[in-house]
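The residues making up each chain are set out below.
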Amino acid sequence: MDVEGLRALKEYLEYLIESDVDAIPLPQPSARTVPPAEACSIEGESGESEELEAIRDDLGDCSRCPLSRARKKIVFGQGNPSADILFVGEAPGGEEDRTGLPFVGRAGQLLNQIIENGMGLSRAEVYICNVLKCRPPSNRTPQEVEVLACLAFLKRQIAAIRPRVIVSLGLPAARALLEVDKPMHQLRGTWHAYEGIPVMPTFHPAYVLRNYTVPIRRQVWEDVKEVIRLLQEG
Ligand code: URA
């Protein structure tokens, strides 16, 4: 863990002590990497998927990590609760923090284009959420302790939606789901799996906007085509 990570961990532990929290949220069991052919959907212990509303209720007015202090709104997620495709981003930005909706700023406009023009779907047909439900200050990269505090909710969202495919947007989302330490260029373009669900990591739309080059856009398009191909295979 680097110095920034240690500082965040110290702040987090102080925060837990201040908040009289008597248990530290622990990571969920490791994700398993399997090729899509072996992929299967996941179910809760009861055999039924958990409802998103119940998960949102459990999240409540969350204060499990210090990000709750500065957030305006929790950004839980939006879209079709039985979507085939789940997009997982990193964390809300300014516009998302104001509105409570994921990917509604500039990066969201590009994501809309990918969904609508690239996949021929509407935003309402897919589900969109983030690893973190609260905005990090100045949109900085999520810290491990923040991911640790929030990840259980994403995992429950995935179990409830049971998408056929997950598209992770950017490195923090890929790392949170896949528990891998590889760089983006090694992750994107190839299938991974989270709990048997195929995961296609691709570049974050904000990164694409900052690096609006033909090679980057071509790679995103290749990733999108691979997702469409897998869904069409049935
Ligand atoms: N970036 C993200 O990762 N998520 C959002 O919701 C918006 C921007």
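Everything below is about the structure shown above.
Quick look at the structure, then. Owing to the predicted nature of the structure, the values given are computational and were not obtained by experimental measurement.

About the criteria used
Residues numbered from 1 in each chain as written. Predicted model: local features only at pLDDT ≥ 70, side-chain atom pairs only at ≥ 80, totals over all residues. Heavy atoms only, no water. Helix = DSSP H or I, 4+ residues; strand = E, 2+ residues; numbered from the N terminus. Expected span 1.5 Å × (residues − 1). Buried < 20%, exposed > 50% of the residue type's maximum accessible area, 1.4 Å probe, protein only. Arc of directions from axis to C-beta. Contact = heavy atoms within 4.5 Å. Near = heavy atom within 4 Å. Polar contact = N/O pair within 3.5 Å; in protein donor to acceptor, adjacent residues only side chain to side chain. Areas by Shrake-Rupley, 256 points an atom, 1.4 Å probe, with all protein chains shown as cover. Nonpolar A, V, L, I, M, F, W, Y, C, P; charged D, E, K, R; others polar. Axes fitted to C-alpha atoms, helices over the stretch in contact; angles between N-to-C directions. Parallel < 35°, antiparallel > 145°, perpendicular 65-115°, else oblique. Left-handed = near helix turned anticlockwise from the far one by under 90°.

Thoughts on helix α4 (residues 106–118)
Each turn of an α-helix holds 3.6 residues, which means side chains three or four residues apart point in the same direction.
Consideration 1: In this model, α4 (13 residues) spans 17 Å end to end at C-alpha, consistent with the 18 Å of a helix rising 1.5 Å per residue.
Consideration 2: When α4 is considered as a whole, its buried residues turn out to be A107, G108, L110, L111, I114, I115 and G118. All buried residues of α4 project into a common sector of 160° when viewed along the axis, lining one side. Pointing more than 90 degrees away from the buried face of α4 are the exposed residues R106 and N117.
Consideration 3: Elements in contact with the buried residues of α4: β2 (85–89), β3 (127–130), β4 (165–169), α8 (205–210) and α9 (214–232).

Some thoughts on the site of the ligand
Consideration 1: Taken together, the neighbourhood of the ligand is formed by G89, E90, A91, E96, P102, F103, N130 and H204.
Consideration 2: At a separation of 2.8 Å, an oxygen atom of the ligand approaches a polar backbone atom of E90.
Consideration 3: H204 has a polar side-chain atom sitting 2.8 Å from an oxygen atom of the ligand.
Consideration 4: Protein chains shield 92% of the accessible area of the ligand, which is 240 Å² for the free molecule.
Consideration 5: Of the residues in the shell around the ligand, the class split is 3 nonpolar, 3 polar and 2 charged.

Concerning the environment of K182
Consideration 1: Examined against the element boundaries, K182 turns out to sit in the loop between α6 (171–178) and α7 (184–187).
Consideration 2: Classification of K182 as partly exposed rests on a relative accessible area of 42%.
Consideration 3: Considering only alpha carbons, one finds K182 and L171, 11 residues apart in sequence, at a separation of 8.8 Å.
Consideration 4: Every residue in contact with K182, bar those within four places of it in the chain, is listed here: L171, R175 and L187.

Considering α9
Consideration 1: Given a rise of 1.5 Å per residue, 19 residues ought to cover 27 Å, and the 26 Å separating the end C-alpha atoms of α9 matches this to within 8%.
Consideration 2: Restricting attention to buried positions, one finds in α9 the residues I216, V220, D223, V224, V227, L230 and L231. Around the axis of α9, the buried residues are gathered within 120° of arc, so they sit on the same side.
Consideration 3: Packing partners of the buried residues in α9 comprise β2, α4, β4, β6 (197–202) and α8.
Consideration 4: At the C-terminal side of α9, G234 shows a positive phi close to 85°.

Thoughts on the packing of helix α2 (residues 52–59) against helix α5 (residues 144–161)
Consideration 1: Interhelical geometry of α2 versus α5 gives an angle of 165° and a closest axis separation of 9 Å. By the angle between their directions, the pair α2 and α5 is classed as roughly antiparallel. In this structure, α2 meets α5 at a crossing whose hand is right-handed. Contacts between α2 and α5 involve L52, A54, I55, D58 and L59 on the former and, on the latter, F153, R156, Q157, A160 and I161.
Consideration 2: Of the residues assigned to the contact of α2 with α5, the class counts are 7 nonpolar, 1 polar and 2 charged.

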